[in-house]
Structure formats: C-alpha cells, structure tokens
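Coordinate analysis (summary)
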Amino acid sequence: MSDLDAVRMDADERDEFLGRAGTGVLSLSTADGDPPHSVPVSYGYDPVEAVFYFRLAVGEGSGKAEPTERDATFVTYGERGDRWESVVASGRLVSTADESLSTEALAGLERTSRIPMVDVFGEPTSQVAFEFYRLDPDRLTGRAERSMEP
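Report follows, based on the coordinates. (Residues numbered from 1 in each chain as written. Predicted model: local features only at pLDDT ≥ 70, side-chain atom pairs only at ≥ 80, totals over all residues. Heavy atoms only, no water.)

**Observations concerning the environment of valine 58**
For clarity, the threshold we go by: Numbering of helices and strands starts at the N terminus; helices are DSSP runs of H or I of at least 4 residues and strands are runs of E of at least 2. The buried label goes to any residue with under 20% of its type's maximum accessible area, the exposed label to any with over 50%, and the partly exposed label to all in between, with areas taken from a 1.4 Å probe on protein chains only.
Considering the arrangement of structural elements, one finds valine 58 in the loop between β4 (51-57) and β5 (71-80). By relative accessible area, which is 23% here, valine 58 ends up partly exposed.

Here it is as structure tokens:
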C-alpha cells in the first residue's frame, strides 16, 4: 500500500483538468468583513490565455451586485480514479460586454469547452438573466493527490 501526498500540478496537468471539469464555487468578497458570497457556477477555461469564463445569474437577489468591483476566488475540484485534484484561482472578474474586451472574449470563449448550464435557480433558466464574465487570475494553483514512492 502506498502513502499519498498532495503535490502541485504542472501547467499541462492543470490545463487538462480544467478542460474537463465544468463546475465549481465562485466566492466574491463582501463589505465590512462579512463572509464572502459563494455560489456554485459552471465555467469554461481557455488554456491559451489561462482564463476562466462564467455565465452568472444577475439581477435582484443574486448577491452578485457589482461583481467587477469585488475580489473573486474560484475553486473547482474532482476525482480521477480514487485520487482528488483541485484548482484555485483568484483575481477580479471583468465583464465580457466591455467593448475593449469583447473581441478577445469571443475568441477565448471559442477555445473553451462548453460551459454547462447548472440549474440551481429555483425557476426555469429561460426566466433567469445571465451575463458572461471573465476571470484572468492573479493567482492560479493546482494540487493533486499522488502516490509517494518509498
């Protein structure tokens, strides 16, 4: 029986993992030291630019008011066989509707795998307003469980 340890993923391992995942948790900072606003989200990942794309529900009660003015952390994790893998990215969200970013965002979205529709809204998704945002992480780390050879 082998001992297991968590090791840092290299860029290729990280990109392969992110290219097949699809969901995670996005946390946005809040004022006055309140706990962050954390929500399950689906994502697409562009391995060329190492950026994430999110389809976020917006509007009253979404808890994501002014998402581009808040620090963001995104976590995704999964298993391969019986071993876990995870990636954490942090930075600021940018609206893909921003004219200076829109052409670049379209190219990036074309390089992502399909962004799954995650239905956690309590109403038909056809009645939910969505906007696309991009996270170009200031920090991006991946870890995976590996066997330690004696």
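Additional details are given in the paragraphs that follow.
**Comments concerning the packing of aromatic side chains**
Using the following cut-off: Side-chain rings of Phe, Tyr and Trp (the six-membered ring for Trp) are treated as a pair once their centres are within 6.5 Å; stacked means planes under 30 degrees apart, edge-to-face means over 60, and tilted covers the remaining angles.
Taken as a whole and judged by the stated rule, the model has 6 aromatic pairs. Taking the centre distance of 5.1 Å and the plane angle of 50° together, the rings of tyrosine 45 and phenylalanine 52 count as tilted. Residue tyrosine 45 is classed as buried on the basis of its relative accessible area, which comes to 2%. An aromatic cluster is defined as three or more aromatic residues linked by ring pairs; in this entry it consists of Tyr43, Tyr45, Phe52, Phe54 and Phe74.

**Side note on the pattern of salt bridges**
Our working definition: Basic side-chain nitrogens of Lys or Arg form a salt bridge, by our definition, when they fall within 4 Å of a carboxyl oxygen of Asp or Glu.
Counting across every chain of the model gives 6 salt bridges. The salt bridge partner of arginine 14 is aspartate 15, with a shortest N-O separation of 3.3 Å. Overall, arginine 14 belongs to the buried group, its relative accessible area being 15%. Here aspartate 136 makes a salt bridge to arginine 134, at a shortest N to O gap of 4.0 Å.

**Structural notes on helix α1 (residues 11-20)**
We count it as follows: Here, the arc refers to the directions that run from the helix axis to the C-beta atoms. By the criterion applied in these results, polar contacts are pairs of N or O atoms within 3.5 Å in which, for protein atoms, one can donate a hydrogen and the other can accept it, and in which residues neighboring in sequence qualify only through two side-chain atoms.
Restricting attention to buried positions, one finds in α1 the residues Arg14, Asp15, Phe17 and Leu18. In an axial view of α1, the angular spread of the buried residues amounts to 165°, which keeps them on one side of the axis. Where α1 starts, the residue carrying a side-chain oxygen 3.1 Å from the main-chain nitrogen of aspartate 12 turns out to be aspartate 10. After α1 finishes, the residue glycine 22 shows a positive phi value of roughly 115°.

**A word on the environment of leucine 18**
With respect to the helices and strands, leucine 18 occurs in helix α1. Its relative accessible area of 1% is what places leucine 18 among the buried residues. Separated by 29 residues in sequence, leucine 18 and proline 47 place their C-alpha atoms 8.4 Å apart.

**Notes on the pairing of β4**
Keep this limit in mind: Two strands are counted as paired when DSSP detects at least two bridges linking them.
Taken across its 7 residues, β4 has 7 buried, putting it largely inside the fold. Burial along β4 is two-sided: the face carrying Val51, Tyr53, Arg55 and Ala57 and the face carrying Phe52, Phe54 and Leu56 are both buried. The turn linking strand β3 (residues 37-46) back onto β4 is made up of 4 residues, and alanine 50 within it adopts a positive phi angle of 55°.

**Here's the deal with the nonpolar core**
Going by this rule: Residues belong to one nonpolar core when they are buried, are Ala, Val, Leu, Ile, Met, Phe, Trp, Tyr or Cys, and are joined through side-chain atoms within 4.5 Å. Contact definition: two residues touch when any of their heavy atoms are within 4.5 Å.
The biggest cluster of nonpolar side chains holds 20 residues, and the ones touching the most others in it are Leu26, Phe52, Phe54, Phe74 and Leu93. The set of elements that each furnish at least two residues to this core consists of α1, β2 (23-28), β3, β4, β5, β6 (83-95) and β7 (130-135). At 4 residues, the largest contribution of residues to this core is made by β3. Ignoring any residue separated from it by four or fewer positions in sequence, one finds leucine 93 in contact with Leu26, Leu28, Phe54, Leu56, Pro67, Thr68, Ala72, Tyr133, Arg134 and Leu135.

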